[in-house]
Amino acid sequence: MSSTTFAFPPELIERLARARSVAVLTGAGISAESGVPTFRDPGGLWERFRPEELANVQAFLRNPDLVQRWYAYRCKLVREVEPNPGHYALVELERMVPDFTLITQNVDNLHRRAGSQRVVELHGNLLRSYCIDCGRPAEEVNLEAAAEGKPARCPACGGLIRPDVVWFGELLPEEALAEAYAACERAEVFLSVGTSAVVYPAAGLPLEAKRAGAYVAEINLQPSAIADQVDALLLGKAGEILPALVEAVRQTRNTG
Ligand code: OAD
């Protein structure tokens, strides 16, 4: 799709073309066009599965094989899909901007697979797992091997293996959160992409950046919970808007 299809606010293009520091926050919406279900849209994951039964440590301890099999299903799903033009556009943008931070709530690894370098994973990564007893990373343990009534266990100590994702009631990884806040402080432009902006602390980052002086643009299919507070709201598919936006920025940089 060509950049002329979208009428971007000129201020957004100019600021992005000049910016030395840009931060981006992504949510499930950016992976929707790759075929990864979002959480809260119709047909989303939380409509079909109850988070209290699957995404918390008590549920895991009660029913480790069920929780492992749910994550194994999601691992399989994300391995079978490919990054989409939205992910690749952010790789391009990173190449243009000296200080670029991609903060993601997604656990699907698609930004890294697309080639993004500076990725801050706020909610972990589905493709990593670790032992809840000895803490050893357990990349080698195949969660998909978890069978009914026989959860996958650590080969070193026999402890249960859990995915390296943040569950309800758990704190976000401290280092990742600190990096995200620091990027918000530095950013001249902040893009919030494909997130409903209801799960904190991630949802607070765009407004944190705005408070620190950034120009904040939201790219979403539908206005998020914070849409009325951003500087520019671009409604549509991330996989269409982002490539067009990055192309418009490239043209402005080349001519300016
Ligand atoms: P949600 O499912 O809450 O929101 C997805 C957003 O993406 C919605 O605002 C949609 O309108 C938008 N959207 C859908 N398709 C899109 C597309 N093609 N292009 C652009 N936007 C699109 O997902 P998140 O905001 O990521 O946390 O959810 C945040 C957190 O809630 C997740 O990280 C997860 C969940 O609980 C944990 O697991 C810790």
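Scroll up a little and you will see the structure.
K.L.:
Explain the overall build of the protein here, please?
P.N.:
The helix and strand inventory of the protein stands at 11 helices and eight strands. In summary, the protein has a C-alpha radius of gyration of 19 Å against a globular reference of 18 Å for 256 residues, a match within 12%. Each of the three principal axes of the protein carries a C-alpha extent, and together these read 60 × 30 × 30 Å. Per-residue burial over the protein gives 52% buried out of 256 residues. By sequence separation, contacts in the protein at least 24 residues apart represent 68% of the contacts at least 6 residues apart. Carbon and sulfur atoms make up 50% of the accessible area of the protein, which totals about 12000 Å². Of the side-chain charges in the protein, 26 are positive and 33 negative, and the distance between the mean point of each set is 3 Å.

K.L.:
Sorry if this is basic, but what is going on with helix H9 (residues 174–186) here?
P.N.:
Every α-helix winds through 3.6 residues per turn, so residues three or four apart in the chain are directed the same way. Spanning 13 residues, H9 covers 19 Å between terminal C-alpha atoms, matching the ideal 18 Å at 1.5 Å per step. Of all the residues in H9, the buried ones are Ala176, Leu177, Ala180, Ala183 and Cys184. The arc enclosing the buried residues of H9, seen along the axis, measures out at 125°, which places them on a common side. More than 90 degrees from the buried face of H9, the exposed residues found are Glu174 and Glu175. Considering only its buried residues, H9 is in contact with strand S1 (21–26), strand S2 (99–104), strand S3 (119–121), strand S6 (189–193) and helix H10 (205–211).

K.L.:
Mind showing me how you'd approach the pattern of salt bridges here?
P.N.:
Where charged atoms from two side chains of opposite charge come close, those side chains can pair. Summed over all chains, the structure comprises 17 salt bridges. A salt bridge links glutamate 80 to lysine 76; the nearest nitrogen and oxygen atoms lie 3.0 Å apart. In this pair, glutamate 80 and lysine 76 are both assigned in helix H6 (residues 64–80), four residues apart and thus about one turn of the helix distant. Through salt bridges with shared partners, a single network forms among Glu92, Arg95, Glu247 and Arg250.

K.L.:
Whenever I open this one, the site of the ligand confuses me. Can you help?
P.N.:
Around the ligand, a shell composed of 24 residues is seen, among which Ala28, Phe39, Arg40, Thr195 and Ser196 lie nearest. The side chain of threonine 195 places a nitrogen or oxygen atom 2.7 Å from an oxygen atom of the ligand. Residues of the shell around the ligand, tallied by class, amount to nine nonpolar, 11 polar and four charged.

K.L.:
I would appreciate a short explanation of the side chain of glutamine 105 in the present structure.
P.N.:
Within the secondary structure, glutamine 105 sits in the loop between S2 and helix H8 (110–114). In this structure the side chain of glutamine 105 is engaged in a polar contact, spanning 2.9 Å, whose partner is the side chain of threonine 195.

K.L.:
Would you take a moment to explain the pairing of S2 for this structure?
P.N.:
Two faces, one strand: in a regular strand the side chains alternate between the faces of the sheet. Within S2, six of the six residues are buried, which leaves the element mostly enclosed by the surrounding structure. Going residue by residue along S2, you find Asp99, Thr101 and Ile103 tucked away on one face and Phe100, Leu102 and Thr104 tucked away on the opposite face as well. Looking at chain direction, S1 and S2 are connected through six bridges and run parallel. Residue pairing across strands places leucine 25 opposite isoleucine 103, the latter belonging to S2. Taken together, the three bridges between S2 and S3 define a ladder with parallel strand orientation. Following the sheet pairing, isoleucine 103 is matched in S3 by valine 120.

K.L.:
I tried to follow the packing of aromatic side chains on my own but got confused; where do I start?
P.N.:
For any pair of aromatic rings, the description consists of the separation of the ring centres together with the inter-plane angle of the planes. As enumerated under the stated definition, the model contains four aromatic pairs in all. Plain terms: the ring middles of tryptophan 70 and tyrosine 71 are 5.0 Å apart, the flat faces sit at 75° to each other, and that makes the pair edge-to-face. Here the two residues tryptophan 70 and tyrosine 71 agree in accessibility, since each one is buried. Seen from their ring centres, tyrosine 71 and tryptophan 167 are 6.1 Å apart, and the 50° between their planes marks the pair as tilted. Here tyrosine 71, found in helix H6, pairs with tryptophan 167, found in the loop between strand S5 (161–165) and H9; they are 96 residues apart in sequence, far enough to count as distant. The residues tyrosine 71 and tryptophan 167 share a single accessibility class, namely buried. By the ring-pair criterion, three or more aromatic residues cluster together here, those being Phe60, Trp70, Tyr71 and Trp167.

Scoring rules and cut-offs
Residues numbered from 1 in each chain as written. Predicted model: local features only at pLDDT ≥ 70, side-chain atom pairs only at ≥ 80, totals over all residues. Heavy atoms only, no water. Helix = DSSP H or I, 4+ residues; strand = E, 2+ residues; numbered from the N terminus. Rg over C-alpha atoms; globule rule 2.2 N^0.38 Å. Buried < 20%, exposed > 50% of the residue type's maximum accessible area, 1.4 Å probe, protein only. Contact = heavy atoms within 4.5 Å. Areas by Shrake-Rupley, 256 points an atom, 1.4 Å probe, with all protein chains shown as cover. Lys, Arg positive; Asp, Glu negative; His and termini not counted. Charge placed at Lys NZ, Arg CZ, Asp CG, Glu CD. Expected span 1.5 Å × (residues − 1). Arc of directions from axis to C-beta. Salt bridge = Lys/Arg side-chain N within 4 Å of Asp/Glu carboxyl O. Near = heavy atom within 4 Å. Polar contact = N/O pair within 3.5 Å; in protein donor to acceptor, adjacent residues only side chain to side chain. Nonpolar A, V, L, I, M, F, W, Y, C, P; charged D, E, K, R; others polar. Pairing = 2+ DSSP bridges. Phe/Tyr/Trp six-rings, centres within 6.5 Å; stacked < 30°, edge-to-face > 60°.

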